Amino acid sequence: MSNHHLLPNHCQQLPPPPTRRPTSKLASIAPAAAFLALLAVIVIVNHGSSAWSLHREAESVGEVGGRGRAEGVSDKSSLRPFVWDDDDNVCGYNWSNAMLSWQRTAYHFQPEKNWMNDPDGPLFHKGWYHLFYQYNPDSAIWGNITWGHAVSRDLIHWLYLPFAMVPDRWFDRNGVWTGSATLLPDGQIIMLYTGDTDNYVQVQNLAYPANSSDPLLLDWVKYEQNPVMVPPDGIGLKDFRDPTTAWQGSNGPWRVIVGSKRNKTGIALVYQTSNFTRYELLDGVLHAVEGTGMWECVDFYPVSTTGSNGLDTSANGPGIKHVLKASLDDDKHDYYALGTYDPATDRWTPDNPELDVGIGLRVDYGKYYASKTFYDQSTERRILWGWVGETDSELADIKKGWASVQSIPREVLFDQKTGTNLLQRPVAEVASLRMNASEFSNIVVGPGSIEEVQIGLATQLDVTAEFEIDEESLKAEDDVDADYACGDRLGAASTRGKLGPFGLLTIADKELTEFTPVYFYITKSNGTTKTWFCTDQTRSSEANDVGRLVYGSDVPVLNDEPFSMRVLVDHSVVESFGQGGRAVITARVYPTKAIYGAAKLFLFNNATDLSVKASLKIWQLNNAFIRPFPFDQVESL
């Protein structure tokens, strides 16, 4: 089926909602009736466009952007690379240069230009953090995949280095794909990566630094006898990729897993090696889950159930659980599960089979994929990165000259309060970007009201927010929206429930023609409450060629906890951390009006029967220093 048959069959902008009057400082900008009128317009607009309905249909198949099914690699989705008119002409929103320039982030890592996807082989070496990444040197569209390379002293400010590896050998002629680094006890660095051969077969290759004493690791050597692993019997030639960091088994040899599938069952194959040049495929698999399809970008690492530090990948024993994570090629999401690893049998068992890999918890409920962790031995942290792809059209990417960013590095910990979740939080170094702070305490946001938070420029923010609710109202309700889920309702933030939604409107213009809500929604069934944490993009942009999904999940809120969120706003990226990072949502937004000085921040409460009290602390964030490495100034770095 050709692409445009799944897409809007004409180029149409969504009609704008009515103009809203200006707001006053932290005062209700509209009575409940006017607020409801706005929400009614939102629902009518979103449901009234046939183009929009078809757009949603296309997104439901595979979201906007992703990793290409045909090649089994990181590629922009073929579902909607462009928007088409009735005459099969490519068309799209008339983006101005100012709009496109505003979309470039200020403190998220991204190359100077062109396409980027998966993070590769992150590590800490001789005072420098190293990030490698999938990169196309020639275009803002996927292809010619090369390993870009950058270094940082603090995970925030980055210096671009020359390419680490390019597709120049038969065993990676069609792409130097995703890989992982392993640091050996003697100081050696081992890099295993997937190569797409000259015959389009996925194989695993070995590379290592030409000079491991070089802090910048500028030169890499590909092992002459590559590949070191090839697809075994029963595995498709294009279903074998993305080796993990290795860990040392109790009997001496090292283990590494590679993602694959058998029919529709996702699997993690286990290999054993003593020298990293010869590998033995062990019997069975580390783990498998029926119906989850191809597992790529697998990750496997320990977390402490009692301590607050990260663990080396080889750690095992009492007080440790193991995380198994897979990126599902079929739905382009990252899933994880907590469980127990048996080193004697090389098997992993989930704590809760109902929350197994691919059917339970997600690393991030938004636009986020191909994540990878590493152990930072300098600070004893487990650090996580993820690829944040675009949800606009390729036409827009080509015009702006770049595509994709990396998420803010996150520290990963076991949630000792719930025992069932990971916690993710932005690395502490983000605080180095904080400038002036604003604090607001005990702001009462009544049912059906909205309040502007007067902070000035709202395009680069670090926001912490806590919400207290009226417990009497909560107790008075018996069954409330028991069937609610974030992504099930178009325009979920405009839905009026008895106990939600309430939260923040980010990247909003003053008239509220564009805004991206981050919010909580409380439901109740048989006396038991459930809290949802969501992000709604249905009104994030007036452009016709961007994604408008509602993201999110339920999140545990314990009895002694307020409803809390931390939100990082960086132009076209909004990363939201609910309840200390039990649930995380990354959104890409492309406003046409809420840009530069026009971007505002609001509090809102769309509940009908619940009053909330909000306390906020908000920092403006400075730009990160990201530029080419100054080789003529090495001594000063």
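Fair warning: this is a prediction, and the values are worked out from it, not measured in the lab.

S.K.: Would you mind going over the overall build of the protein with me for this structure?
M.R.: Looking only at helices and strands, one finds five helices and 39 strands in the protein. Across the protein, contacts joining residues at least 24 apart in sequence account for 67% of those joining residues at least 6 apart. When the accessible area of the protein is evaluated, it comes to approximately 22500 Å², of which 49% is carbon and sulfur surface.

S.K.: Would you mind going over the pairing of strand 13 (residues 254–262) with me for this structure?
M.R.: Strand residues, when the strand is regular, have side chains that alternate between the two faces of the sheet. Most of strand 13 sits out of view: seven of its nine residues are buried. With two bridges connecting them, strand 11 (residues 240–241) and strand 13 associate as antiparallel partners. Across the sheet, residue Phe240 finds its bridge partner in strand 13, namely Ser260. Both strand 12 (residues 247–248) and strand 13 contribute to a ladder of two bridges, which runs antiparallel. Across the sheet, Gln248 pairs through a bridge with Trp254, a residue of strand 13.

S.K.: Even after reading the chapter, I still don't get the sheet that holds strand 9 (residues 202–209), so can you show me in this structure?
M.R.: What links the strands of a sheet is backbone hydrogen bonding, and the strands pair in either a parallel or an antiparallel sense. Pairing is antiparallel across the open sheet formed by four strands, whose spatial order is 7-8-9-10. Each of the sheet's edge strands pairs with one partner strand only, and the pair in question is strand 7 (176–183) and strand 10 (220–222). Between one strand axis and the next, the sheet turns by 30° as a mean value, whatever way the strands run. Of the pairings in the sheet, the one linking strand 8 (residues 189–196) to strand 9 comprises six bridges and is antiparallel in character. In the sheet register, Asp196 faces strand 9, and the bridge partner there is Gln202.

S.K.: For this particular structure, what's the right way to read the packing of aromatic side chains?
M.R.: A full pass over the atoms with the stated rule returns 32 aromatic pairs. Aromatic side chains Phe502 and Phe563 sit 5.8 Å apart centroid to centroid with 85° between the ring planes, which places their arrangement in the edge-to-face category. Here Phe563 lies in strand 34 (residues 563–570) and Phe502 lies in strand 30 (residues 502–508), a separation of 61 residues in the sequence. Across the pair, exposure class does not vary: Phe502 and Phe563 are buried alike. Through successive ring pairs, a cluster of aromatic residues spans Phe109, Phe124, Tyr129, Tyr133, Tyr135, Trp158, Tyr160, Phe163, Phe374 and Trp385. One Lys or Arg, Arg153, reaches over the ring of Trp128 and ends 3.8 Å from the middle of that ring. It is Arg434 that lies over the ring of Trp619; its NZ or CZ is 3.6 Å from the centre.

S.K.: For this particular structure, what's the right way to read the environment of Gly249?
M.R.: Tracing the backbone shows Gly249 in the loop between strand 12 and strand 13. Residue Gly249 is classed as buried on the basis of its relative accessible area, which comes to 13%. Along the sequence, Gly249 and Gln272 sit 23 residues apart, while their C-alpha atoms lie 8.9 Å from each other. Beyond its immediate sequence surroundings of up to four residues, Gly249 is in contact with Trp254 and Arg255.

S.K.: Even after reading the chapter, I still don't get unusual backbone geometry, so can you show me in this structure?
M.R.: Most of the time, phi is negative for any residue but glycine, and the peptide bond is trans. Residue Pro227 follows Asn226 across a cis peptide bond; omega there is 0°. Here Gly500 and Pro501 are connected by a cis peptide whose omega angle stands at 5°. In this structure, Pro501 sits in the loop between helix 5 (471–476) and strand 30. If you check the backbone angles, Tyr200 has positive phi at about 60° while not being a glycine. Tracing the backbone through its elements, the reader meets Tyr200 in the loop between strand 8 and strand 9. Assessed through its relative accessible area of 41%, Tyr200 is described here as partly exposed.

S.K.: What exactly am I supposed to notice about the sheet that holds strand 34 here?
M.R.: Ordered in space as 27-38-29-34-35-36, the six strands form an open sheet in which the pairing is antiparallel. Here the strands that pair on one side only, and so sit at the sheet edges, are strand 27 (434–445) and strand 36 (583–588). Here the average twist between neighbouring strands, direction ignored, is 15°. Examined bridge by bridge, strand 27 and strand 38 (residues 612–621) share eight bridges and lie antiparallel to one another. When the bridges of strand 38 are listed, Ile443 appears paired with Ala614.

S.K.: Could you clarify how one ought to interpret the confidence of the model for the protein in this entry?
M.R.: Detailed reading of the predicted model is not advised wherever pLDDT is low. Here the protein averages 88 in pLDDT, and 84% of its residues register 70 or above. Contacts for the low-pLDDT stretch residues 1–70, under 50 throughout, to residues beyond four places or in other chains number 178 contacts. Scored below 50 in pLDDT, residues 72–81 shows 53 contacts in the model against residues more than four places distant or in partner chains.

S.K.: Would you mind going over the nonpolar core with me for this structure?
M.R.: If you look at soluble globular proteins, the nonpolar side chains tend to sit buried side by side. Counting 69 residues, the largest nonpolar core has Trp95, Phe467, Phe502, Met565, Leu601, Leu603 and Ile618 as the members making the most contacts within it. The dominant element in this core, judged by the number of residues it contributes, is strand 29 (residues 460–469), at five residues. Summarising the domain contributions, this core has at least three residues from each of domain 1 (117–426) and domain 2 (434–621). Discounting residues that sit within four places of it in the chain, Leu603 has contacts with Ile443, Val445, Ser449, Ile450, Glu451, Val453, Phe467, Gly503, Leu504, Ala614 and Leu616.

S.K.: How should the side chain of Gln620 be read in this particular structure?
M.R.: With respect to the element layout, Gln620 can be found in strand 38. The exposure class assigned to Gln620 is buried, which follows from its relative accessible area of 11%. Side-chain polar atoms of Gln620 contact the backbone oxygen of Leu457, separated by 2.6 Å. Residue contacts for Gln620: discarding those within four places in its chain leaves Leu433, Arg434, Met435, Asn436, Ile455, Gly456, Leu457, Gln460 and Leu461.

Conventions we followed
Residues numbered from 1 in each chain as written. Predicted model: local features only at pLDDT ≥ 70, side-chain atom pairs only at ≥ 80, totals over all residues. Heavy atoms only, no water. Helix = DSSP H or I, 4+ residues; strand = E, 2+ residues; numbered from the N terminus. Contact = heavy atoms within 4.5 Å. Areas by Shrake-Rupley, 256 points an atom, 1.4 Å probe, with all protein chains shown as cover. Buried < 20%, exposed > 50% of the residue type's maximum accessible area, 1.4 Å probe, protein only. Pairing = 2+ DSSP bridges. Axes fitted to C-alpha atoms, helices over the stretch in contact; angles between N-to-C directions. Phe/Tyr/Trp six-rings, centres within 6.5 Å; stacked < 30°, edge-to-face > 60°. Lys NZ or Arg CZ within 6 Å of the ring centre and 35° of its normal. pLDDT = per-residue confidence, 0-100. Core = buried A, V, L, I, M, F, W, Y, C linked by side-chain atoms within 4.5 Å. Domains from an automatic or database assignment. Polar contact = N/O pair within 3.5 Å; in protein donor to acceptor, adjacent residues only side chain to side chain.

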